[in-house]
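Tertiary structure, described
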Amino acid sequence: MAMTCPRIDEVDVRVYTIPTDEPEADGTIAWDSTTMVLVHARSGGTIGVGWTYGAAQCGALIRSALAPLIVGQPALDTGRCFQAMVAAMRNNGRQGTIGYAISAVDTALWDLKARLLDVPLHRLLGAVRDTVPVYGSGGFTTYSDARLTEQLSRWVQVEAIPRVKIKIGQSQGADTRRDLERMRQAREVIGSSVELYVDANGCYSRKQAIRVAHTATDLDIRWFEEPVTSDDLEGLREVRDAVDADVAAGEYGFDLYYFRRMCQAQAVDCLQIDASRCGGITEWLRAAAVAASFGLDVSAHCSPHLHAHMAAATPNLRHLEWFHDHVRIETRFFDGALDPQGGALQLDGSAPGNGLTLRESDADRYRVS
Ligand SMILES: [Mg+2]
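Residues numbered from 1 in each chain as written. Predicted model: local features only at pLDDT ≥ 70, side-chain atom pairs only at ≥ 80, totals over all residues.

1. What to know about the overall build of the protein
The following threshold applies: Secondary structure elements are taken from DSSP: a helix is a run of H or I of four residues or more, a strand is a run of E of two residues or more, and numbering for both begins at the N terminus. Here a residue counts as buried when 20 or more other C-beta atoms sit within 10 Å of its C-beta, as exposed when there are 12 or fewer, and as partly exposed otherwise, the C-beta atoms being derived from the backbone. For the purpose of contact definition, each residue receives a C-beta atom placed from its backbone, and two residues are in contact when these atoms lie within 7 Å.
A count of helical and extended segments in the protein gives 15 helices and 14 strands. Taken along the three principal axes of its C-alpha coordinates, the protein extends 65 × 40 × 35 Å. Looking at the protein as a whole, 51% of its 369 residues qualify as buried. Counting only contacts in the protein whose residues sit at least 6 apart along the sequence, the fraction spanning at least 24 positions is 70%.

Next comes the structure, spelled out in structure tokens:
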């Protein structure tokens, strides 16, 4: 007999601000703390968890505007809930904080649905694999040479991750000499067989990005992320045509039209998508399909434990970003955190949902609302 669809009884939000382990910066911004907005969606005695890393205001927005739309909806109807949120927010602007808030709720609802059905989330989504390749990501411009060496060595020698990414574009692109020194240092630390990626966070000009890439030809850079601002699609294309590395961007995409424009402009070799911004699992899967229609791979941007299951259900996935700042938070906050040993996350598929349980005692000390 078909089950009666349970209803969503409660959407609860908690906001945490967690200090970084040391000051962090990329080419265009510096930070010393990270805010996580965590959503618990409950149906009866079953609770799903999702989150975003965004402004604390996401929490207030979810409480006041999104939760009332979701409570009472059929708990299996993730699409209905997503549409209700997007429609209600039309006049407030889907881009920005509202997109982050919708994403946090959507990811919690998918986890809830999988737990209600008692299946692992990647199986519910239609898994195409049980292992998800990762790349180590960090290498902040604020790091000392010793700290950079230590972080890269851990990924490569201890965890056996075969691809790593560092930030470049120090001081808004004003110090390419140090960028090149750090790229050279990274190559020396990781050896010749590990893939080296760089992320300029959009700080270079077109010609500057091309000059940096050409100067670093002997370093075999495989991935050049946001060499110029990702708003400059022609610029990304120009750099892409001029360098050997794959050009990647897309972390600021909030809707399908954004991703389609980026693909159509032939601006990237690999499209990055961030489910904590673009609209959760619902929109991530559709954005990945947009990329597939252009013959492109996708890569999951940050929030590794949020992305692992949808990544396993995405045929054109290249890899997932094992981002230092978020790894630190997620492994501290959750029981069931994943292990990148060997360069891939193993989803063995016994636990329902995303397999994560909040360790409240560890999280509470960082709670701000
Ligand atoms: Mg980036």
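Having put the structure on the table, let's press on.
2. Some points on helix α3 (residues 97–117)
Quick reminder of the rule: Every helix has an expected span of 1.5 Å times one less than the residues it contains.
Relative to the 30 Å expected for 21 residues at 1.5 Å per residue, α3 spans 31 Å between its end C-alpha atoms, a close match to the ideal helical length. Note on α3: the residue one or two positions beyond its end, D118, has a positive phi of about 60°.

3. Here's the deal with the sheet that holds strand β3 (residues 46–53)
Cut-off, in case you're wondering: Note on pairing: two strands pair once DSSP finds at least 2 bridges between them. Note on geometry: axes are lines fitted to C-alpha atoms, helical ones only across the stretch in contact, with angles between N-to-C directions running from 0 to 180 degrees.
Read from one edge to the other, the open sheet built from three strands follows the order β1-β2-β3, with strand pairing classed as antiparallel. Strands at the two margins of the open sheet, each flanked by one partner only, are β1 (10–25) and β3. Taking the axes of each pair of neighbouring strands and ignoring which way they run, one obtains an average angle of 20° across the sheet. As defined by bridge partners, strand β2 (residues 30–43) adjoins β3 across eight bridges and the pair is classed as antiparallel. Bridging across to β3, S43 finds its partner in T46. In the packing of helix α14 (residues 324–333) onto the sheet, contacts are made with β1, β2 and β3, and the angle to β1 comes to roughly 130°.

4. Re the nonpolar core
Worth spelling out the cut-off: Only buried residues count toward a nonpolar core: Ala, Val, Leu, Ile, Met, Phe, Trp, Tyr and Cys, linked into one set through C-beta atoms within 7 Å. In this document the domain limits rely on a domain assignment from an automatic tool or a database.
Core analysis: the biggest nonpolar cluster contains 112 residues, and V39, I62, A101, A104, V105 and V164 have the highest contact counts within it. Considering every element that reaches this core, the biggest residue donor is α3, with twelve residues. Split by domain, this core shows at least three residues from each of two domains, domain 1 (10–119 + 360–366) and domain 2 (123–358).

5. Topic: the environment of L125
Relative to the helices and strands, L125 is located in the loop between α4 (121–124) and β4 (131–138). The buried category is assigned to L125, around which 21 C-beta atoms lie within 10 Å. Separated by 93 residues in sequence, L125 and D32 place their C-alpha atoms 35 Å apart. When sequence neighbours within four positions are dropped, the list of residues in contact with L125 reads H309, M310 and A313.

6. Structural notes on the packing of helix α5 (residues 145–158) against helix α7 (residues 176–190)
The cut-off we apply is this: Angular relationships are summarised with four words: roughly parallel below 35 degrees, roughly antiparallel beyond 145, roughly perpendicular across 65 to 115, and oblique for the angles in between. Handedness of a helix crossing follows the sense of rotation of the near helix relative to the far helix, less than a right angle counterclockwise being left-handed and clockwise being right-handed.
Orientation of α5 relative to α7, taken along the N-to-C sense of each, is 40°, at an axis distance of 9 Å. With respect to their mutual orientation, α5 and α7 come out oblique. Remark: the crossing between α5 and α7 carries right-handed chirality. Along the contact surface, α5 presents D145, L148, T149, L152, S153 and V156, while α7 presents R182, Q185, A186, V189 and I190.

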